[in-house]
Amino acid sequence: MKILHVADSHIGYSAYHKLAPSGLNQREVDTYNSFKQFIEYALKSKPDLIIHAGDLFDSVRPTNRAISFVMQQLLRLSEANIPFIVISGNHETPKLRETGSVFRIFEHLENVYPIYKGKLEQIEIDNAVIHAIPHCFSNEELKKNIEMAKPIENRINILVLHVGIIGIKEFSYTRGDFNEQVIPSGYLSPQFDYIALGHFHKPTKVTENAYYAGSTEHFSFKEAGERKGFYEIELGSSPQIKFIELNVRGMMDLGEIDCFNLSSEQITYEIVRKFEEIEEGKIVRIFLRRISRAKYKALDWNRIKKAGSKALHFEIAHEFHEIEHELMGKSRIGSLTEEWKEFISKHPLGKNRKELEELAIKYLTEVLQ
Ligand SMILES: [Mn+2]
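What counts, and at which threshold
- Residues numbered from 1 in each chain as written.
- Predicted model: local features only at pLDDT ≥ 70, side-chain atom pairs only at ≥ 80, totals over all residues.
- Heavy atoms only, no water.
- Helix = DSSP H or I, 4+ residues; strand = E, 2+ residues; numbered from the N terminus.
- Buried < 20%, exposed > 50% of the residue type's maximum accessible area, 1.4 Å probe, protein only.
- Contact = heavy atoms within 4.5 Å.
- Domains from an automatic or database assignment.
- Buried area = accessible area lost by both parts, 1.4 Å probe.
- Salt bridge = Lys/Arg side-chain N within 4 Å of Asp/Glu carboxyl O.
- Polar contact = N/O pair within 3.5 Å; in protein donor to acceptor, adjacent residues only side chain to side chain.
- Nonpolar A, V, L, I, M, F, W, Y, C, P; charged D, E, K, R; others polar.
- Pairing = 2+ DSSP bridges.
- Axes fitted to C-alpha atoms, helices over the stretch in contact; angles between N-to-C directions.

Novice: What should I look at first to understand the overall build of the chain in this one?
Specialist: Summing up its helical and strand segments, the chain has ten helices and 17 strands in all. Based on the C-alpha atoms only, the size of the chain along its principal axes is roughly 75 × 55 × 40 Å. Expressed as a percentage of the 369 residues in the chain, the buried residues total 49%. Partitioning the contacts of the chain with sequence separation of at least 6, the portion at a separation of at least 24 is 68%.

What follows is the structure, encoded as structure tokens:
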């Protein structure tokens with residue numbers, strides 16, 4: 001039995017200001033193109049089944065354009081009699097049940113199986129049983145549903161999940177996506193013939209039988225340099241798993257420049273020099289470590305813009321150096337809590353910010369008394 005496992009296409013995503021010739025956002029068009037490449041591969045290779053492991057859409061309320069694009073592509077699979085099973089991921093699952101799911105409109109397509117009701121559903125295709133668990137309303141419900149998914153004897157059993165896994169090295173760096181659900185790797189039972197995972201954007205083998213397909217495009221600089229694609233799986237007595245790469249827009253991370261001992265002119269020169277590596281149309285980032293506000297302002301932005309013009313978009317991330325306000329004429333150093341607040345305001349803390357801030361201020365107040 002031949003299966004294609006794809007995930008995290010995030011249709012409807014858009015970013016930066018560059019427009020495609022059609023007038024649409026270029027990055028939105030990029031996500032359409034990579035998904036279309038996948039569909040074209042599927043129509044040629046004619047698998048017995050396609051599994052999409054969640055985050056088909058980028059949001060709970062995709063635009064009409066994103067919905068009709070997906071509808072068109074799924075119709076092509078439907079007409080070719082290729083079954084398509086898709087679970088809803090954290091990005092497209094509404095927090096309130098009453099909102100209703102965009103997946104409902106796919107229920108009427110023949111050969112398309114949208115799974116979005118927050119609970120385990122079993123679909124039988126030929127000799128295979130697909131145990132599909134969409135994004136649930138709580139982590140407890142998710143775990144209950146995974147425990148309920150029991151492989152059936154003498155059948156090919158496939159489990160589908162959209163989750164993060166605790167205990168895999170790569171995932172520990174990337175946690176904190178909104179509304180995500182996370183399970184320990186012990187929940188991935190070796191009894192399934194294959195576990196198709198979605199959520200983590202890098203194609204990864206997690207256990208002997210569990211794989212993340214990764215996303216079909218780059219959606220953040222954390223993904224710079226990663227291959228994007230999907231798996232083609234031949235299940236049988238000796239399963240074969242092959243990664244098929246998609247041709248997507250590249251993302252380049254040009255590394256960092258330590259600016260502490262450099263002048264604005266030198267920093268500009270270093271940026272321009274690194275920008276020589278830029279390949280046409282790529283998305284590029286460079287990081288300026290320990291730069292003062294004054295030096296940052298004095299960079300030669302015209303030269304930098306010109307040097308970066310080959311990129312679809314370039315991002316100059318930076319970290320302002322902390323000692324600067326003593327040196328750069330800040331009239332006084334604030335109280336310990338004021339300084340701490342200023343310091344922490346420059347660090348991305350994600351959803352735990354408020355809690356961490358409150359806790360720190362509580363401790364600081366205690367020691368200062
Ligand atoms: Mn996700």
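Novice: Help me understand the domain arrangement of the chain in this model?
Specialist: By domain assignment, the chain separates into domain 1 (2-245) and domain 2 (251-333). A separation of 37 Å is found between the C-alpha centroids of domain 1 and domain 2. On the domain 2 side, the residues contacting the nine residues of domain 1 number ten residues. If you sort the residues of domain 1 by the area they bury against domain 2, Y16, K18 and F221 come out on top, with a joint share of 65%. For the pair domain 1 and domain 2, the number of links is zero salt bridges. Linking domain 1 with domain 2 are two residue pairs in polar contact (both at pLDDT 80 or more), by the criterion used here. Split into classes, the residues belonging to the side of domain 1 that touches domain 2 amount to three nonpolar, four polar and two charged.

Novice: Looking at this structure, I do not really get the pairing of strand β14 (residues 240-245). What am I missing?
Specialist: In the case of a regular strand, side chains alternate between the two sheet surfaces. In this structure, strand β13 (residues 229-234) lies alongside β14, joined through six bridges in antiparallel fashion. Residue pairing in the sheet places I233 in a bridge with I241 of β14. In this antiparallel pair of consecutive strands, β13 and β14, the connection spans five residues.

Novice: Where do I start with the sheet that holds strand β17 (residues 313-320) in this structure?
Specialist: Sheets are built from strands paired through backbone hydrogen bonds, the pairs being either parallel or antiparallel. With respect to topology, three strands assemble into an open sheet ordered β15-β16-β17, the strand pairing being parallel. The open sheet has two edge strands, β15 (251-258) and β17, and neither has a second partner. If you compare each strand with its neighbour and ignore which way they point, the axes differ by 15° on average. Two strands pair when backbone bridges link them, and strand β16 (residues 283-291) and β17 are joined in this way by seven bridges, in the parallel orientation. If you follow I291 over to β17, its bridge partner there is F320. Helix-sheet contacts for helix α5 (residues 264-275) involve β15, β16 and β17, and the interaxial angle to β16 is about 155°.

Novice: Can you walk me through the sheet that holds strand β2 (residues 49-52) in this structure?
Specialist: As summarised here, the arrangement of the six strands in space is β4-β3-β2-β1-β13-β14, forming an open sheet in which the pairing is mixed. Each end of this open sheet is capped by a strand with a single partner; those strands are β4 (112-115) and β14. The average angle at which neighbouring strand axes cross in this sheet is 20°, direction not considered. Pairing of strand β1 (residues 2-6) with β13, which is carried by four bridges, proceeds in the antiparallel orientation. If you follow L4 over to β13, its bridge partner there is E232. Contacting β1, β2, β13 and β14, helix α1 (residues 26-45) runs over the sheet at an angle of about 175° to β1.

Novice: What should I look at first to understand the side chain of R27 in this one?
Specialist: Among the structural elements, R27 can be located in helix α1. Here R27 falls in the buried class, since its relative accessible area comes to 0%. What R27 contacts, discounting residues up to four positions off in sequence, is Y13, S14, A15, Y16, E217, H218, R249, I283 and L312.

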